Amino acid sequence: MAARRSLLEELFNDFYDDRRNIYKMNFFRGIFFGLGSVLGATVVVGLVVWGLSFFVDIPGLGDAAKNAQHQLQSDTRKK
């Protein structure tokens, strides 16, 4: 077990010989992960609202879908 650990530490230290490089890579990785999460959530919410727009004729659910659609349209017009 100790030999395996020392081998992994040696491989890690050989690959990342500069700590600044590690921090920089992890910083950019975090930025891209956050950006991808936001874009993915935007697409999913857009698809859900679009799917709800097909159910406008159903009482109760239709009112909620109309309100969501109206809210999104008014938000895009303000920008």
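These notes cover the structure that comes with them. Fair warning: this is a prediction, and the values are worked out from it, not measured in the lab. (Residues numbered from 1 in each chain as written. Predicted model: local features only at pLDDT ≥ 70, side-chain atom pairs only at ≥ 80, totals over all residues. Heavy atoms only, no water.)

The number of helices and strands found in the protein is three helices and zero strands. Across the protein, helices and strands are ordered from the amino to the carboxyl terminus as α-α-α. Relative to its full complement of 79 residues, the protein shows a buried share of 5%. With an accessible surface of roughly 7,300 Å², the protein has 64% of that area assigned to carbon and sulfur atoms. (Helix = DSSP H or I, 4+ residues; strand = E, 2+ residues; numbered from the N terminus. Buried < 20%, exposed > 50% of the residue type's maximum accessible area, 1.4 Å probe, protein only. Areas by Shrake-Rupley, 256 points an atom, 1.4 Å probe, with all protein chains shown as cover.)

This part takes up the packing of aromatic side chains. All chains considered together, the criterion is met by one aromatic pair. With centroids separated by 5.5 Å and ring planes inclined at 70°, the aromatic side chains of Phe27 and Phe28 adopt a geometry described as edge-to-face. Taking the relative accessible area as the measure of exposure, Phe27 reaches 51% and is therefore exposed. (Phe/Tyr/Trp six-rings, centres within 6.5 Å; stacked < 30°, edge-to-face > 60°.)

These figures come from the coordinates and say nothing about function on their own.
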